[in-house]
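Observations on chain architecture
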Amino acid sequence: MRWAWARVDLGALEHNVRVVRDLVAPSEVWAVVKADGYGHGALQTARAALAAGATGLCVALTQEGAELRAGGIGAPILVLSEQPPEDAARIVAERLTPTVYTPGGIAAIAAAAAASSGADPVVVHLKIDTGMHRVGAQPSQALALADAIVAAGLSLAGLFTHLASADEPAAGSNASQLATFDDVVTRLAAAGHAPALLHAANSAAALAIGGSRRDIVRLGIAMYGIEPGPAVSALCAELRPALSLRARVSLVKQVAAGEGVSYGLRHHFTEATTVATIPIGYADGVPRRLFASGCEVLIHGRRMPVVGVITMDQLMVDCGDATVEVGDEVVLIGSQAGSLGSDTIRAEEWAARLGTIGYEIVCGISKRIERRFG
Ligand SMILES: *Cc1c(COP(=O)(O)O)cnc(C)c1O
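What you see is a predicted model; the values in this text were computed from it and never measured. Sequence order as written defines residue numbering, which begins from 1 separately in each chain. Predicted model: local features are reported for residues with pLDDT of at least 70 only, side-chain atom pairs are reported and counted for 80 or more only, and whole-chain, interface and lining totals are derived from all residues. Side-chain metrics rest on all non-hydrogen atoms present in the structure, leaving aside hydrogens and water.

1. Some words on the overall build of the protein chain
When helices and strands are tallied, the protein chain shows twelve helices and 20 strands. Only protein chains enter the area calculation, which uses a 1.4 Å probe; residues under 20% of their type maximum are buried, those over 50% are exposed, and those in between are partly exposed. Counting over 374 residues, the protein chain shows a buried share of 52%. Counting only contacts in the protein chain whose residues sit at least 6 apart along the sequence, the fraction spanning at least 24 positions is 68%. To measure how exposed things are, a 1.4 Å probe is used in the Shrake-Rupley method; for residues, cover is taken only from the protein chains shown. For the protein chain, the accessible surface area stands at approximately 15300 Å², while carbon and sulfur atoms represent 54% of it. All tallies of charge rest on Lys and Arg as positive and Asp and Glu as negative; His and the ends of each chain are not included. For charged residues, the charge sits on one atom: NZ in Lys, CZ in Arg, CG in Asp, CD in Glu. Considering the protein chain, the positive charge centre built from 30 side chains and the negative charge centre built from 36 side chains are found 2 Å apart. Here a strand is any run of E in DSSP of at least two residues, a helix any run of H or I of at least four, and the numbering for each starts at the N terminus. What makes two residues a contact is simply this: any of their non-hydrogen atoms within 4.5 Å.

2. Let's talk about the domain arrangement of the protein chain
For the domains described, the bounds stem from an automatic or database domain assignment. By the assigned domains, the protein chain splits into domain 1 (10-236) and domain 2 (243-345). A straight line from the C-alpha centre of domain 1 to that of domain 2 covers 41 Å.

3. Regarding the sheet that holds strand E4 (residues 77-79)
Reading around the circumference, E2-E3-E4-E5-E6-E7-E8-E9 is the order of the eight strands in this closed barrel, with parallel pairing throughout. For this sheet, the mean angle separating the axes of adjacent strands, direction not counted, is 30°. Strand pairing is assigned whenever DSSP identifies at least 2 bridges connecting the two strands. Note: strand E3 (residues 56-59) against E4, three bridges, orientation parallel. When the sheet's bridge partners are listed, Val59 is paired in E4 with Val79. Axes, fitted as lines to C-alpha atoms, cover a helix only where it is in contact. Angles between the N-to-C directions of the axes lie from 0 to 180 degrees.

4. Things to note about the site of the ligand
Whether a residue is near a molecule or strand is decided by its heavy atoms; if any one of them lies within 4 Å of it, the residue is near. Residues in close proximity to the ligand include Val32, Lys34, Tyr38, Leu80, Arg134, His162, Asn202, Ser203, Arg218, Gly220, Ile221 and Tyr359, which together make up its full environment. Throughout this description, a polar contact denotes any pair of N or O atoms lying within 3.5 Å of each other; where both atoms belong to protein, one of them has to be capable of donating a hydrogen while the other can accept it, and for residues adjacent in sequence the pair is counted only when both atoms sit in side chains. Contacts to the ligand include Lys34, whose side-chain N or O atom sits 2.7 Å from an oxygen atom. At 2.8 Å, a backbone N or O of Ile221 approaches an oxygen atom of the ligand. The protein chains hide 93% of the 390 Å² of surface that the ligand would expose on its own. Only protein atoms enter the 1 Å grid, on which a cavity is a set of points fitting a 1.4 Å probe that cannot get out and a pocket is an open set with protein on both sides within 12 Å along at least 5 of 7 lines, lining residues being those with an atom within 4 Å of a point. For a cavity or pocket, the test is whether more than half of a molecule's atoms lie within 2 Å of its grid points; if they do, the molecule sits there. Its atoms largely coinciding with the cavity grid, the ligand occupies the largest pocket.

5. Details of the nonpolar core
Judged by nonpolar contacts, the single largest core of 117 residues is most densely connected at Leu245, Ile280 and Leu332. The element that contributes the greatest number of residues to this core is helix H1 (residues 10-24), accounting for seven residues. Residues from two domains meet in this core; each of domain 1 (10-236) and domain 2 (243-345) gives at least three. Excluding residues within four positions of it along the chain, Leu245 makes contact with Trp5, Ala6, Ile280, Val286, Val330, Val331, Leu332, Ile333, Trp350, Ile365 and Ile369. Put simply, buried Ala, Val, Leu, Ile, Met, Phe, Trp, Tyr and Cys residues joined by side-chain atoms within 4.5 Å make one nonpolar core.

6. Quick notes on empty space enclosed by the protein
Grid points are joined across faces, edges and corners, and a volume is the space filled by probe spheres set on the points. Enumeration over the complete set of coordinates arrives at one cavity of 30 Å³ or more. Put simply, the largest cavity is a space of about 60 Å³. What lines the largest cavity is Lys127, Ile128, Asp129, Thr130, Gly131, Met132, His133, Arg134, Val135, Thr161, His162 and Gln177. By residue class, the composition of the lining of the largest cavity is three nonpolar, six polar and three charged. Here the nonpolar group is Ala, Val, Leu, Ile, Met, Phe, Trp, Tyr, Cys and Pro; Asp, Glu, Lys and Arg are the charged ones; every other residue, Gly included, is treated as polar.

7. Quick notes on the environment of Gly131
Along the chain, Gly131 turns up in the loop between strand E6 (123-127) and helix H7 (142-151). For Gly131 and Pro85, which are 46 residues apart along the polypeptide, the C-alpha to C-alpha distance reads 25 Å.

8. Section: the pattern of salt bridges
We count a salt bridge whenever a side-chain nitrogen from Lys or Arg sits within 4 Å of a carboxyl oxygen from Asp or Glu. Counted by the stated rule, this structure contains 16 salt bridges. The closest approach of N and O atoms between Arg214 and Asp182, which form a salt bridge, is 2.6 Å. Pair noted here: Arg214 is in the loop between helix H9 (203-208) and strand E9 (216-219) and Asp182 is in helix H8 (residues 172-190), with a separation of 32 residues, a long-range link. When its relative accessible area of 31% is taken as the criterion, Asp182 is described as partly exposed. With a shortest N-O distance of 3.4 Å, Arg187 and Asp183 are connected by a salt bridge. Of the two residues, Arg187 and Asp183 are both situated in helix H8; the distance of four residues between them amounts to about one turn of the helix. What makes Arg187 partly exposed here is its relative accessible area of 34%. Taken together, the shared-partner salt bridges connect Glu296, Arg303, Asp343, Glu349 and Arg353 into one network.

9. Digging into the packing of aromatic side chains
Ring pairs are drawn from Phe, Tyr and Trp, using the six-membered ring of Trp, whenever the two centres fall within 6.5 Å, and their geometry is named by plane angle: stacked under 30 degrees, edge-to-face over 60, tilted for the rest. Summed over all chains, the structure comprises two aromatic pairs. Between the aromatic rings of Tyr38 and Tyr224, the centroid separation amounts to 4.7 Å while the plane-to-plane angle is 25°, which identifies the pairing as stacked. One end of the pair, Tyr38, is in helix H2 (residues 34-38); the other, Tyr224, is in the loop between E9 and strand E10 (243-248), with 186 residues separating them in the sequence. Tyr224 gets classed as buried once you look at its relative accessible area, which sits at 0%.

10. A short note on the pairing of strand E14 (residues 273-278)
Counted residue by residue, E14 has six buried out of six residues, so it is predominantly covered. A two-sided burial pattern is seen for E14, the buried positions comprising Thr273, Val275 and Thr277 on one face and Thr274, Ala276 and Ile278 on the other. With five bridges connecting them, strand E11 (residues 251-255) and E14 associate as antiparallel partners. When the bridges of E14 are listed, Val252 appears paired with Ala276. Judged from the five bridges that link them, E14 and strand E17 (residues 315-320) form a sheet pairing that is antiparallel. Along E17, the bridge assignment pairs Val275 with Asp318.

Next up, the structure:
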């Protein structure tokens, strides 16, 4: 067993799903488990979310959906954007729900559906680009695409969009994107298209923009107990972080005043101190540039600074006058209570130090780190 691992608290994840489910009801919660469940383990996360009341799942890639099916997941799985046309047969065979928004995307799914032996029509969701300009059909194209979906023998079960600035709930673009979406819904309805599942909200919108909760909310980051952004922080008070990143001290040494540490000897000690080596580095997802922006870890419940450059497999910690021994537990992200105190370091803290978002921190924890579930 390697002395560096991530612990995923599935109870916290289930709690978070329930909190959001209660908030958004009667909207359904579909759990977003792309990117290996934001680094938390897709299959385990999906099972926990469904157990806590989520009624569907969302993924980014065909492969991600197929892995959930291989794991025995029977719930609806929405693939959030069009995939290469070569994937269409697999999408249909695995009973994934494709998102479509181009004539070519519809044609590929329709051809795969026609070639399959399934009795029920293949269900698709149509995505509208209401202003983010990432993926989706232009609103002016929506009706023609809905007609094409039905003409191809597919079932238009869902219609959705995505807000560019949901993590800034007061931004005017949110209201205008939702108005554009509603206008498309109205025009499709007038032409006889009434998709049963409308959706527009990610985590931030589900928490902060009541009018964005339609039939479904697509719940990603908040399910993992991480804030979508500082502006919605207050709405996340009940959420609990599910992931902690832990290691053990692998070596302890006394270092004299004036000595340096790690590559380039870029940190020098002004006083004699105790330095602990921790066997986790940037190949595990502890970004190298954290050494410059400040990084602390918890040992015996006390914050201690990472000193010197973070290397590929290891980093060093200045333990000062604390007594630290090989095998002692180190918390890089998470909570720890011990003989020297009690504290918590959140993924959001790393994100703030690095000028990024919590999403990137947890998605960056590499495959080399075993996920232990509890
Ligand atoms: C990733 C994603 C989500 C989930 O967003 P969170 O901010 O993590 O809740 C929802 N919808 C789409 C289209 C996505 O790509």
